[in-house]
Amino acid sequence: MCTQHYNCVYFIVAAIVQALLDHDPGLIKTFAQSNATPLISAATRGHADVVEELLSRDPTQLEMTRSNGKNALHLAARQGHVSVVKILLRKDQQLARRTDKKGQTALHMAVKGVSCEVVKLILAADTAIVMLPDKFGNTALHVATRKKRTEVCYLHACPIVL
């Protein structure tokens, strides 16, 4: 029995996804609005168990992007879903370097978000990513300063914990 309602909901969602995929494995390759895959939807909403299930069935889903070029890591990073970011980076650290149609990496998205821990995780996966500009010449630091994310601007002084 679940001790916390929140955890129960995630367990139930993962069980439902597993049942659907057991019934029809092809569902994993379907697309919704804006070219969102089930993996992208789960990552955006922070459903870590679902992300694990989907990737265990089809690791190639990591390569899929929405119509704007954003991948599951971009969207999980923006929303501050630490557990999902850890899963995605564990599967493929190079995912951190992939850019969307604006040339933005997951780090650009993370500094717009709500989690310093996500920023640290992405930096730990690839320290050089901090220097990558988007198509407009903006690094993640430019984005962070415009968003007044002072906690992100001072991350270089914080230890990175995995």
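Shown above is the structure to which this text applies.
The structure contained in this document is the topic of the report that follows.

What counts, and where the lines are drawn
- Residues numbered from 1 in each chain as written.
- Predicted model: local features only at pLDDT ≥ 70, side-chain atom pairs only at ≥ 80, totals over all residues.
- Heavy atoms only, no water.
- Core = buried A, V, L, I, M, F, W, Y, C linked by side-chain atoms within 4.5 Å.
- Buried < 20%, exposed > 50% of the residue type's maximum accessible area, 1.4 Å probe, protein only.
- Helix = DSSP H or I, 4+ residues; strand = E, 2+ residues; numbered from the N terminus.
- Contact = heavy atoms within 4.5 Å.
- Polar contact = N/O pair within 3.5 Å; in protein donor to acceptor, adjacent residues only side chain to side chain.
- Arc of directions from axis to C-beta.

## Describing the nonpolar core
Right, so step 1: Ranked by internal contacts, the top residues of the largest apolar core, which has 42 residues, are Val51, Val85, Leu88 and Ile122.
Right, so step 2: Those elements that provide at least two residues to this core are α1 (5-23), α2 (38-45), α3 (48-57), α4 (72-79), α5 (82-91), α6 (106-112), α7 (116-125) and α8 (140-146).
Right, so step 3: Among residues more than four places away in sequence, those in contact with Ile122 are Ala77, Val85, Leu89, Ala96, Ala106, Leu107, Ala110 and Ile129.

## So, α7
Right, so step 1: Where α7 is concerned, the buried positions are Val118, Val119, Leu121, Ile122, Leu123 and Ala125.
Right, so step 2: By the N-cap criterion, in which a side-chain oxygen at the helix start approaches the backbone nitrogen of a residue two or three places on, α7 is capped by Ser115, the distance to Glu117 being 3.3 Å.

## Concerning α2
Right, so step 1: The set of residues buried in α2 consists of Leu39, Ile40, Ala42 and Ala43. The buried residues of α2 occupy an angular sector of 165° when the element is viewed end-on, so they sit on one face.
Right, so step 2: Buried positions along α2 lie against α3, α4 and α5.
Right, so step 3: Gly46, located one to two residues past α2, shows a positive phi value of around 80°.

## Describing the environment of Phe136
Right, so step 1: For Phe136, the location among the structural elements is in the loop between α7 and α8.
Right, so step 2: On a C-alpha basis, the gap between Phe136 and Gln104 in space is 9.4 Å, while along the polypeptide they are 32 residues apart.

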